[in-house]
Amino acid sequence: MNRYALLHQPESRFAYASKDNGLTVILRAAANDALTVETLYNNKYAFTENRFAVTMKKCADDGIFAYYRADLKLADARFAYIFRITEGDKVYFFSEEGLTSDYDFERAYYTFFQFAFVNPVDVMPVVDWAQEAVFYQIFVDRFARGDTEKDQTYINTRWDGEIDRYSFTGGDLVGVEEKLPYLKDMGINAIYLTPVFLSPTNHKYNVADYLTVDPQFGGNDKLKALIASAHARGIKIIIDTVFNHCDISHARFCDVIEKGYKSEFYDCFIIEGDFPDVEKGNYAYFADCKYMPKWNTNDADTRKYLIDTALAYLDMGFDGLRLDVADEISHEMWRQLRKAVKHKYPQALILGEIWHENEHWLKGDQMDGIMNYKLQKILVDLFGAEPITAKSASDRMNALLMKNTEQANAMALNFLDNHDTPRFLRFAGGNYDKVLCALCAMVMYPGMPCIFYGTELPLDGAGDPDCRKTFDWNFTGRSESYAEAYGQIIALKRQSALCGGRTEISSEGGLLKIVRTKNDEKITAYFNTGGRAKRLLTSGETLFKLNYKTDRISGNGAVVVKNNL
């Protein structure tokens, strides 16, 4: 046994509680070690006298490590536990002392692992509606034009014209409201709306006034009407919030430009010198954009201003917040925001834009979930021009699952593409079947699937601004077979096992296999990214199939079946 591979950490992604006094424990070991692992556990004050034993199940294998899981239950909220590991005819124990060949149970109170007390207020809950959410991301200027009464002189590009970074095509909130029946019929029950507040750009990520809806999009009344219409149809809406930076025309920054260090808002920004100089850029700003000065969230008054803004959005009726550039903002800001938001709106969803390692934000004190760029990259590599193997995809998906708790995984926003990346059709080299396979894998993976507007057509495009083309409401040249398959994939989310069920991911005969189970329902999906057909026999009700016939699944093929346990 590779003792150096063994790892367990109490009160972490390897030991976390649920609201019903349950405790999930995970032990990491070497993937190639043949082990039987048990958890010995009890109330921490009774552990030395007697213990319960449960055999742990291997829940994931990432090719380097295997992960063994047990879900413990006690009437008492105070847990003590160690692991008993059997390899062949040898028995070992793993505790805070590490790996030992025997264990002193009489003095176990010195060395057992413990979850000293399950305090419900510390348990990270899953937002009730997140389990069944199917999101649709809308870039407002490019989705639909509906408001005929607004001033349209700002529009500089035909709806079907070529766009650039400075194009305004006229999409608005009335257009979104008019398309709600279309979204509902598609199976969408949640909308992720990119920023809508006053801004000089088409994307609105440089906000000039956080509480005034841009007249280009219809103003505050049109937003109120959209939210009411969406809620009437059972559709949630979250808003993209930009608290990392603002526009140089924001009133507070303008005050600092005028008054310098004497301004009451000087500490709202990070400035080198007495006055900000827009040409020199002697202040912190987003990326290389001097017109987007960065907020100083180390400052208490600035945090209060932004958190009050977040609460104002939820007061407007939004069901959650997507936090732009979340990893550049202070952790203290997010901790305070979460407390304020969850106190008033416990079911509000808080999502962070984190492209890289994200577990620091997902411990229950900051965000509910993140935008799952890690999963997107796996799907790009699996269904791209030169696909990785099913084994590699399985290993990486399992490693990703083990990065965070089950609650955080359930609230991750999964996507194939968005306003910051090329369209997935471009990654897939124009191959519709690859897009459909990737979409199916995304829906099967734990979390909340999110469709970028136009994927149902599908829209093509390279990076910004090409990925932000207008929606073709004439559906010119749309493939009916693609549209039908797309609808069947979205409908998979109605299955109970895909709404909070357990997940097992593996490779089998060169195929990627994803299994979701919940209660007496089991959903299994197989994917073939190889060039040649592979033999596959399935049983049960077929929910979806692509390039699958009888006992063979061709390249760029998938099949999803349902069985009752």
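Above this text sits the structure in question.
From a predicted model like this one, the values you see are computed outputs, not experimental measurements. (Residues numbered from 1 in each chain as written. Predicted model: local features only at pLDDT ≥ 70, side-chain atom pairs only at ≥ 80, totals over all residues. Heavy atoms only, no water.)

**Notes on the packing of helix α6 (residues 300–316) against helix α7 (residues 331–344)**
It is the contact of α6 with α7, at a shortest axis distance of 10 Å, that shows an interaxial angle of 35 degrees. For the element pair α6 and α7, the recorded crossing hand is right-handed. Residue-level inspection shows Arg303, Leu306, Ile307, Ala310, Leu311, Leu314 and Asp315 of α6 in contact with α7, the latter providing Glu332, Met333, Gln336, Leu337, Ala340, Val341 and Lys344. Within the contact of α6 with α7, the residues separate by chemical class into 9 nonpolar, 1 polar and 4 charged. (Axes fitted to C-alpha atoms, helices over the stretch in contact; angles between N-to-C directions. Helix = DSSP H or I, 4+ residues; strand = E, 2+ residues; numbered from the N terminus. Left-handed = near helix turned anticlockwise from the far one by under 90°. Contact = heavy atoms within 4.5 Å. Nonpolar A, V, L, I, M, F, W, Y, C, P; charged D, E, K, R; others polar.)

**A look at the sheet that holds strand β1 (residues 15–17)**
Within the open sheet, the 4 strands sit side by side as β1-β2-β6-β5. Their pairing is antiparallel. For this open sheet the edge positions go to β1 and β5 (57–61), each flanked by a neighbour on one side alone. The mean angle between the axes of side-by-side strands here comes to 25 degrees, regardless of whether they run parallel or antiparallel. Bridge count for strand β2 (residues 22–30) against strand β6 (residues 65–73) is 9 bridges, and the pairing is antiparallel. Of the residues in β6, the one forming a bridge with alanine 29 is alanine 66. (Pairing = 2+ DSSP bridges.)

**Observations concerning the side chain of arginine 516**
As for its placement among the helices and strands, arginine 516 is situated in strand β22 (residues 511–518). For the buried residue arginine 516, which engages in no salt bridge, the nearest side chain bearing the opposite charge is glutamate 406, 8.3 Å off. Here the side chain of arginine 516 touches threonine 503 through a polar contact of 3.2 Å, side chain to side chain. (Buried < 20%, exposed > 50% of the residue type's maximum accessible area, 1.4 Å probe, protein only. Lys, Arg positive; Asp, Glu negative; His and termini not counted. Salt bridge = Lys/Arg side-chain N within 4 Å of Asp/Glu carboxyl O. Polar contact = N/O pair within 3.5 Å; in protein donor to acceptor, adjacent residues only side chain to side chain.)

**As for the packing of aromatic side chains**
Per the counting criterion, the structure on display carries 39 aromatic pairs. An angle of 75 degrees between the planes, with centres 5.3 Å apart, marks the rings of phenylalanine 143 and tryptophan 473 as edge-to-face. Taken as a pair, phenylalanine 143 in helix α1 (residues 140–143) and tryptophan 473 in the loop between β20 (448–452) and α13 (480–491) lie far apart in primary sequence, 330 residues in all. What makes phenylalanine 143 buried here is its relative accessible area of 0%. Residue tryptophan 473 is classed as partly exposed on the basis of its relative accessible area of 22%. Taken together, the aromatic side chains of Phe197, Tyr210, Phe243, Phe253, Phe269, Tyr283, Tyr285, Trp295, Tyr305 and Tyr313 make up a single cluster linked through ring pairs. For arginine 252, the ring lying beneath its charged end belongs to tyrosine 305, and the centroid distance is 3.9 Å. For the cation-ring pair, arginine 423 lies above tyrosine 453, with the distance from its terminal atom to the ring centre recorded as 4.8 Å. (Phe/Tyr/Trp six-rings, centres within 6.5 Å; stacked < 30°, edge-to-face > 60°. Lys NZ or Arg CZ within 6 Å of the ring centre and 35° of its normal.)

**Examining the pattern of salt bridges**
In total, this model carries 35 salt bridges according to the counting rule given. Notably, a salt bridge pairs aspartate 76 with arginine 78, separated by 2.7 Å at the nearest N-O pair. Judged by relative accessible area, arginine 78 falls into the partly exposed class, the value being 26%. Across the salt bridge formed by aspartate 308 and lysine 304, the nearest N and O atoms sit 2.8 Å from each other. You can see aspartate 308 and its partner lysine 304 sitting in helix α6, 4 residues apart, about one turn around the helix.

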